[in-house]
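For reference, the chains in residue letters:
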Amino acid sequence: MLAYFEEIPTGSRLEADICIIGAGPAGIAMAKEFEGTDLSVLLVESGGLELDKDTQNLYRGINERGDFKLHKSRFRIFGGTSYVWGGWCAPLDESDFQARAWVKNSGWPIKLADLAPFYRRAQPLFELGPYRYGVDQWNFGTAETLPLDGAKLRHILWQLSPPTVFGTAYLGGLQASKNIRLLLHANATEIATDTLGSSVTRISLQDLHGRKSDVSAGAYVIACGGIETARLLLASSRNQPRGLGNSHDLVGRFFMEHPHPDAGGVVFSVEPDRLRAYYEREFDSGSIILGWGPSAEAQERLGILNCSVALHGSIRHEPSEGMDSLMKLARAIESRRWPDDVGGHVWRVLRDLDNVLRESYMRVTESPVTGFGLIARTEVAPVSSNRLTMSDEKDELGMPRIKLAWNVGELERLTVERTVNLLAQEFGRLGMGRVRINELLLEDNDAWSRNLSWFGHHMGTTRMSNNPRTGVVDANCRIHGMSNLYVASSSVFPTCGYANPTLTIGALAIRLADHIKGLAGAGSLSDG
Amino acid sequence: MKISKNKGAIFSRRWFLIGVPSMVGALLFGLRSTDHQYELADCLRDFFKSNLDASVLMGRKYLEKVPEEGSAAWLVDRVFGGEGLIMSDRFPLLNAQVLRLRQQDFVRGDLIVIDGWLVARTEARLCALAAICSTG
């Protein structure tokens, strides 16, 4: 069923067994799991079926680093940020779940084996084939894959979703559902609890035209993404002055986002066609991207984080900053997401015009490919001081806007530098070519951290831990100290690995749905 | 010897893809002919034309980074393992020796960054040798 908030008489109380706030990939994945059950589900979404500027402006806030804007890196629309995403899917690694002595605050309360069944179930949600992320599970035809030294480097494989736009793909099913009600244009502004703050009693809903209602349910799930989930908890301070789930001042802390630095490039010493497994995307059994990353052994030996590098943008002349910028602008047009430093990129193209023109000419004339650029995506360390807090400014609904204060540390720069170095060692050893490193990676941390690309992977602000002193939610994604409030979001990630977060978000959402179904089956939906 | 002023020229011809093994041969050829550095450089230029320019440029950049290795005798000793260089019948052996050292560098991770390129230490030393010879 589909309803719009404006159709509901103001002051109404909506009721459901389960209320899910946020209809992005997590919320929709969860709702779909309840399809056809005896449970009534209310799926609440702020946006509508089309992007609306006023609604989107509710996401405005302050990012103190200034390198991406909070209202441009996520989308307040049915389907959430799947409205614009690249479709890269990969599970976290086994080592990502482990506590690592050289990465402070690392370790999940669950293992990869706990999540693996849910990763498998999440695959169809993203229109992916079987759960196969090992390079040996794919047939690359006559293309070669490198026999890497496992003590240094390993293959990384992403499966590519079309990409699935959840708002389009799943609207029909939800509209037709008998037990799931989708409510659009309804903004959750406060989570109300009993006086002890141990149980949610209702959630306040409001729209931009002043209409108000609330919803009462047995269990509540906040599925508002890596930033908004924490914002809603912090803003719900009527009975808990520090906000819900925030007894230990953890909500909003440990913010993470994957830096995507231009890592350099490679030139091949063999015919590029031999290595097409690394730059072609379409194979008989599906669409993938194949890259490299430091092995778990190398991460430990070198004291670095997890990381990935992949070929990116073919080169016919030679790597140059102008072409790098031109490619970034081209990608921005393709993804409909502009980098904040558009002027800087245009200037770099103009400054390097001779190389840009030569490379462009060689592309137009289909000169042979001689190499590729390299793009990295690195894990960031979970750091308590990387946090979002409430600013003094309020949005149109009266909710405090977010202030995000964070930085990327030296360990992240070192991780990318050493990963590129490992790739150079292996390319040289195997006689495949040579690797160029982006020299910003060799400079001080300020220089490289000012030149990063971001793709809206917001994570970590309600981290998972079995200990309420070190985490906001427990292993079942239930907020510590609360009987009926859960989180389905990348905000629960204690660490983030290199993997794009969406597949893990889907897997965790399905796992949470199973947990809630189990509670409902046992008649203890609101007991946690 | 004319050296390209274009910083980006080093790899524009994919120098390393063909340059280093040939360079070994060139050096050996030159050293066989004479131990006079000017004549060696002349010989190298004849052999490699533009690739030699790039090699020399890279060698100079290496020596800027590691000035303590600016001795031809020391470099010859490190790159060729102190083997007698003048004997033409030893060329294949020496060539194999350089390639072995280069492989060892990659396995051990003994790489150095020159103009952004991560190259094996032995490759860089070969270039340094070419740079020293070219200024003779």
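Just so it is clear, the structure is predicted and the values come from calculations on it, not from any experiment.

Caption draft 1: Representation of the packing of helix α4 (residues 112-122) of chain A against helix α14 (residues 502-521) of chain A in the model. Residue and element names in this part refer to chain A. At a minimum axis separation of 8 Å, α4 and α14 run at an interaxial angle of 105°. Of the possible angle classes, the one that applies to α4 and α14 is roughly perpendicular. Residues D114, L115, F118, Y119, R121 and A122 of α4 form the contact with α14, whose own contacting residues are L503, T504, G506, A507, L508, I510, R511 and D514. When the residues that make up the contact of α4 with α14 are grouped by side-chain class, the tally is eight nonpolar, two polar and four charged.

Caption draft 2: Summary view of the sheet that holds strand β17 (residues 400-405) of chain A. Residue and element names in this part refer to chain A. On the basis of which strands lie adjacent, the open sheet formed by three strands has the order β4-β17-β16 and mixed pairing. Each edge of the sheet is formed by a strand with only one pairing partner; in this case those strands are β4 (62-63) and β16 (387-394). Inspection of the sheet shows β4 paired to β17 by two bridges, in the parallel sense. From the neighbouring strand, N63 faces β17, where its bridge partner is L404.

Caption draft 3: Quick look at the pairing of strand β2 (residues 13-21) of chain A. Residues and elements named next belong to chain A. Looking at chain direction, β2 and strand β10 (residues 212-222) are connected through eight bridges and run parallel. Paired with I21 across the bridge in β10 is I222. Two elements, β2 and strand β3 (residues 41-44), share four bridges in a ladder whose sense is parallel. Looking at β3, one finds that C19 is bridged to L42.

Caption draft 4: Inspection of unusual backbone geometry at higher detail. Going from P162 of chain A to P163 of chain A, the amide bond is cis rather than trans, its omega being 5°. Relative to the assigned elements, P163 of chain A resides in the loop between β6 (153-160) and α5 (166-169). For F254 of chain A, which is not glycine, the phi dihedral falls at a positive 60°. We note that D115 of chain B has phi near 55°; this positive angle belongs to a residue other than glycine. Accessibility expressed as a relative area gives 18% for D115 of chain B, which makes it buried.

Caption draft 5: Here's a closer look at the pattern of salt bridges. One pass over the full model with this rule turns up 32 salt bridges over all chains. Residue R401 of chain A pairs with E396 of chain A through a salt bridge whose shortest N-O separation is 3.2 Å. Look at E396 of chain A and you get exposed, because its relative accessible area is 54%. Note that R102 of chain B and E123 of chain B form a salt bridge whose closest N and O atoms lie 3.3 Å from each other. In this pair, R102 of chain B is assigned in helix α5 (residues 91-108) and E123 of chain B in helix α6 (residues 121-134), connecting sequence segments 21 residues apart. Here the two residues R102 of chain B and E123 of chain B agree in accessibility, since each one is buried.

Caption draft 6: A look at the packing of aromatic side chains. All names here are of chain A. By the definition in use, this model includes 20 aromatic pairs over all chains. On the basis of an interplanar angle of 45° and a centroid distance of 5.5 Å, the ring pair of W108 and F493 is categorised as tilted. Taken together, the residues span a long stretch of sequence, with W108 in the loop between α3 (94-97) and α4 and F493 in the loop between β19 (485-487) and α14 at a distance of 385 residues. Look at F126 and F166: their rings are 5.4 Å apart centre to centre, the planes differ by 50°, and that puts the pair in the tilted class.

Caption draft 7: Region of interest: the pairing of strand β9 (residues 200-206) of chain A. Residue and element names in this part refer to chain A. In terms of burial, β9 is a largely internal element, five of the seven residues being buried. As defined by bridge partners, strand β8 (residues 187-193) adjoins β9 across six bridges and the pair is classed as antiparallel. If you follow A188 over to β9, its bridge partner there is L205. Where β8 folds back on β9, the antiparallel hairpin that results is connected by six residues, among which G197 adopts a positive phi of roughly 75°. Bridge analysis of β9 against β10 gives four bridges, and the strand direction is antiparallel. The partner of I203 across the bridge, within β10, is V215. The hairpin formed by β9 and β10 contains five residues between the paired strands, and G210 there has a positive phi angle of roughly 90°.

Caption draft 8: Region of the structure containing the side chain of S453 of chain A. Residues and elements named next belong to chain A. Checked against the element boundaries, S453 lands in the loop between α13 (445-449) and β19. Classification of S453 by relative accessible area gives buried; the value is 17%. Contact partners of S453, with chain neighbours within four places excluded, come to H258, P259, H260 and K328.

What counts and what doesn't
- Residues numbered from 1 in each chain as written.
- Chains lettered and ligands numbered in written order.
- Predicted model: local features only at pLDDT ≥ 70, side-chain atom pairs only at ≥ 80, totals over all residues.
- Heavy atoms only, no water.
- Axes fitted to C-alpha atoms, helices over the stretch in contact; angles between N-to-C directions.
- Helix = DSSP H or I, 4+ residues; strand = E, 2+ residues; numbered from the N terminus.
- Parallel < 35°, antiparallel > 145°, perpendicular 65-115°, else oblique.
- Contact = heavy atoms within 4.5 Å.
- Nonpolar A, V, L, I, M, F, W, Y, C, P; charged D, E, K, R; others polar.
- Pairing = 2+ DSSP bridges.
- Buried < 20%, exposed > 50% of the residue type's maximum accessible area, 1.4 Å probe, protein only.
- Salt bridge = Lys/Arg side-chain N within 4 Å of Asp/Glu carboxyl O.
- Phe/Tyr/Trp six-rings, centres within 6.5 Å; stacked < 30°, edge-to-face > 60°.

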